[in-house]
Number of protein chains: 2
Amino acid sequence: MNIVLLDPRQTLSEVWSITSTRQLAHLRTHLNVQVGDRLKVGIREGQRYLTEVLMVSDSVIQVKPIQTEPVPAKLPVTLIVAMPRPKVLRRLIMDSVTIGVEKIVLLHSYRVDKSYWQTPFLQQIDQYVTLGLEQAGDTVAPKIEIYKRFKPFVEDVLPTWITAERPAYVAHPYADISMPNAITHACTLLIGPEGGFIPYEIELLEKNGCQAVSLGNRILRTETAISYILGRLFT
Amino acid sequence: MNIVLLDPRQTLSEVWSITSTRQLAHLRTHLNVQVGDRLKVGIREGQRYLTEVLMVSDSVIQVKPIQTEPVPAKLPVTLIVAMPRPKVLRRLIMDSVTIGVEKIVLLHSYRVDKSYWQTPFLQQIDQYVTLGLEQAGDTVAPKIEIYKRFKPFVEDVLPTWITAERPAYVAHPYADISMPNAITHACTLLIGPEGGFIPYEIELLEKNGCQAVSLGNRILRTETAISYILGRLFT
């Protein structure tokens, strides 16, 4: 937690109150916050501030904003991932938010176990988004969309997101072309499930404007691949 | 698991026997392996083969090598990380091995909790290395070294690893220079603990030949940062 995220409604008066059990526990245990300390606080979907701690009690920490701080920019990327196992989903959302992905799409695919869509984690995505933003020092949540039908998404939705200035890359171990690096334009990035997209899916993606690109001859786990590729794409 | 790793002693005869409970469970449950199937098998520290499955029983799967396959090259990088929390250590080792790090060093640092060095996970590192290699399709384990004293390591060991052709970069949020990208030479990469290296440590690292470089204004978790930086450094 590198900033404390507050709801705009918590920041209407001159003095702001931090009351979330999770945030209070972290501020006490890890940071041992004391009156007079400086604390970074962000308003969800809004500004980021350096604040001064005015009061510390068991149930509340009160702070006063001193000055604004820049909110880190997002990466101009839409990340489309085949729905992962529930345990992976949690880390994947947090990491993608922390790295600064603009929009995250969870997509069904042939090798995605249908039971993954039943996970209670899907109802808790907003919590992982918050954790990712607090880790990064960001205040603005990415858009998150869910498409449970592969073909209609790839044929009807995806093509409207692709332009010459905003290409779409699908990571595919058997592609001849390498994943680009240090690009200076926006893009859409597609990551398959464990075991990869099936040939039919790769064909359909290519037919609808995606470029299949390879990451070399090592096969990475989904969540590792996402950080690895985003680090490579943008500098 | 994208290859099955065998000990050289398991591959002395013409027919090789897979007997590990973990490997058998994966081959049955996830791949539903049958007689006649092709299976990728690697010999630890040795060659990688395409094999044919000859026999499947409850306690053994027997295969016969058909042809050799290339073992993926390593990245020319030594990764030095401040010892992470036990849960993170496991993923960090697996991911670094999968991505192809040549050598991994676990280092003490001021913000590393001393209790982390007591974790039983340290005795199980070889298991995580195996999982990482099997994920990547690699057969060669990286070197892993442990240094529990920061200053003697940085003053006496680290400088012998640094040359003009093999620089050392330490990720530091407050550095003026950016982390390089798409380098074509070997390097050493240092990643601090949660909360970062303290100023004294950064100074000592710089005095001993490291270059402090920044990743921009987002603060990533250790394991996310490693994949992100390695993707950025090498193409």
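Each chain carries its own residue numbering, running from 1 in the direction its sequence is written. Lettering for chains starts from A, numbering for ligands starts from 1, and both go in the order in which the items are written. Owing to the predicted nature of the model, reporting of local features is limited to residues with pLDDT of at least 70; listing and counting of side-chain atom pairs is limited to 80 or more, with chain, interface and lining totals taken over all residues. Side-chain measures here rest on the full set of heavy atoms in the structure, leaving out hydrogens and waters.

(A) Focus on the packing of helix H4 (residues 150-157) of chain A against helix H5 (residues 199-207) of chain A. Residues and elements named next belong to chain A. Inter-axis angles, ranging from 0 to 180 degrees, are taken between N-to-C directions of lines fitted to C-alpha atoms, where helices are fitted over the stretch in contact. Where helices and strands are cited, they refer to DSSP runs of H or I of at least four residues and of E of at least two residues respectively, numbered from the N terminus. Interhelical geometry of H4 versus H5 gives an angle of 15° and a closest axis separation of 10 Å. Looking at the two axes, H4 sits roughly parallel to H5. Where H4 crosses over H5, the two elements pack in a sense that is right-handed. Seen from H4, the contacting residues are Phe150, Lys151, Val154 and Glu155; seen from H5, they are Tyr200, Glu201, Leu204 and Leu205. For the contact of H4 with H5, a count of residues per class yields 5 nonpolar, no polar and 3 charged. Orientation categories follow fixed angle ranges, with anything under 35 degrees roughly parallel, anything over 145 roughly antiparallel, 65 to 115 roughly perpendicular, and all other angles oblique. Here is the rule for handedness: rotate from the far helix to the near one, and if that takes an anticlockwise turn smaller than a right angle the crossing is left-handed, while a clockwise turn gives right-handed. When checking whether two residues touch, look at their non-hydrogen atoms; a contact exists if any pair is within 4.5 Å. Residue polarity is assigned by list, with Asp, Glu, Lys and Arg as charged and Ala, Val, Leu, Ile, Met, Phe, Trp, Tyr, Cys and Pro as nonpolar; anything else, Gly included, falls into the polar class.

(B) Looking closely at the domain arrangement of chain A. Residue and element names in this part refer to chain A. An automatic or database domain assignment supplies the residue ranges for each domain. With domains assigned, chain A is organised as domain 1 (4-69) and domain 2 (75-233). On a C-alpha basis, the centroid separation for the pair domain 1 and domain 2 is 33 Å. Listed per partner, the contact involves 11 residues of domain 1 and 11 residues of domain 2. The contact between domain 1 and domain 2 buries some 790 Å² in all, and 44% of this surface belongs to carbon and sulfur atoms. Among the residues of domain 1 in contact with domain 2, Leu5, Arg44 and Glu45 are the three that bury the most area, contributing 61% of the side total. Accessible area that two parts lose when put together, evaluated with a 1.4 Å probe and summed over both, is termed the buried area.

(C) A look at the sheet that holds strand E10 (residues 187-191) of chain B. All names here are of chain B. Two strands pair if DSSP finds at least two bridges between them. Taken in spatial order, the 6 strands line up as E8-E7-E6-E10-E9-E11 in an open sheet, and their pairing is parallel. Of all strands in the sheet, those with a lone pairing partner are strand E8 (143-147) and strand E11 (210-213), marking the two edges. The sheet shows a mean angle of 20° between the axes of neighbouring strands, taken without regard to direction. Where strand E9 (residues 168-171) lies against E10, 3 bridges are found, and the strand directions are parallel. Bridging from a neighbouring strand, valine 170 pairs with leucine 190 of E10. Contacts from helix H2 (residues 86-99) reach strand E6 (75-82), strand E7 (101-107) and E8, with the element oriented near 155° to E7. Packing against the sheet, helix H4 (residues 150-157) makes contact with E6, E7 and E8, and its axis sits at approximately 140° to E7.

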